[in-house]
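# Topology and contacts: notes
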Amino acid sequence: MELIKTILTLAFMTTILSLSMQHKHLMLALMCIETMTLLLFMLLVMYTSTSLALSQTPMPIILITISVCGAAVGLSLVVAITRTHGNDFLKNLNLL
């Protein structure tokens, strides 16, 4: 069980590193963020299943619900930006 937690933590750190290093497409950044939330979901499920705390049982469901809402908003932003700018390059967007 500890090996799986370590592997998931390393995958989370790798995803943070890849998010900080890529600066080209908005879709790739959103996919990195989605991967981070899924890894956090798996870590949270493993933590709540081993801790036996009843107050933390609904937390994974809340996290996955917020993740789905964020993914829907991100996808709608990518579609809107692609329609207005013609691509999803981060260099072409004025983010300020």
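Quick notes on the rules
Residues numbered from 1 in each chain as written. Predicted model: local features only at pLDDT ≥ 70, side-chain atom pairs only at ≥ 80, totals over all residues. Heavy atoms only, no water. UniProt positions renumbered as here; feature names shortened; annotations may be inferred. Helix = DSSP H or I, 4+ residues; strand = E, 2+ residues; numbered from the N terminus. Buried < 20%, exposed > 50% of the residue type's maximum accessible area, 1.4 Å probe, protein only. Polar contact = N/O pair within 3.5 Å; in protein donor to acceptor, adjacent residues only side chain to side chain. Contact = heavy atoms within 4.5 Å. Salt bridge = Lys/Arg side-chain N within 4 Å of Asp/Glu carboxyl O. Core = buried A, V, L, I, M, F, W, Y, C linked by side-chain atoms within 4.5 Å. Patch = residues over 30% accessible without salt bridge, like charges linked within 9 Å, V, L, I, M, F, W, Y side chains within 5 Å. Areas by Shrake-Rupley, 256 points an atom, 1.4 Å probe, with all protein chains shown as cover.

Going by the annotation in an unreviewed UniProt entry, the name recorded for the chain is NADH-ubiquinone oxidoreductase chain 4L, with Gloydius shedaoensis given as the source organism. In its Function (unreviewed entry) section, the UniProt record describing the chain reads: "Core subunit of the mitochondrial membrane respiratory chain NADH dehydrogenase (Complex I) which catalyzes electron transfer from NADH through the respiratory chain, using ubiquinone as an electron acceptor. Part of the enzyme membrane arm which is embedded in the lipid bilayer and involved in proton translocation." Taken verbatim from the UniProt record of the chain, the Sequence similarities (unreviewed entry) comment is "Belongs to the complex I subunit 4L family."

Inspection of the secondary structure assignment puts threonine 48 in helix H2 (residues 26-51). Residue threonine 48 is classed as buried on the basis of its relative accessible area, which comes to 15%. Among the polar contacts made by the side chain of threonine 48, one reaches the main-chain carbonyl oxygen of valine 45 at a distance of 3.1 Å. Sequence-distant contacts of threonine 48, that is, excluding residues within four places in its chain, are made with Gln56 and Pro60.

Glancing now at the pattern of salt bridges. Evaluation of the coordinates by the stated rule reveals one salt bridge. Glutamate 2 is the salt-bridge partner of lysine 5, the closest N and O atoms lying 3.9 Å from each other. Taken together, the residues span about one helical turn, with lysine 5 and glutamate 2 both in helix H1 (residues 2-21) at a distance of three residues.

Core analysis: the biggest nonpolar cluster contains five residues, these being Leu8, Phe12, Met36, Leu39 and Met46. Those elements that place two or more of their residues in this core are H1 and H2. In this structure, leucine 39 is in contact with Leu8, Ala11, Phe12 and Thr15, ignoring residues within four places of it in sequence.

Taken together, Met27, Leu28, Met31, Leu75 and Val79 make up a surface patch of nonpolar side chains, about 420 Å² in accessible area. Elements that contribute at least two residues to the nonpolar patch include exactly H2 and helix H3 (59-85). By the secondary structure assignment, methionine 31 is in helix H2.

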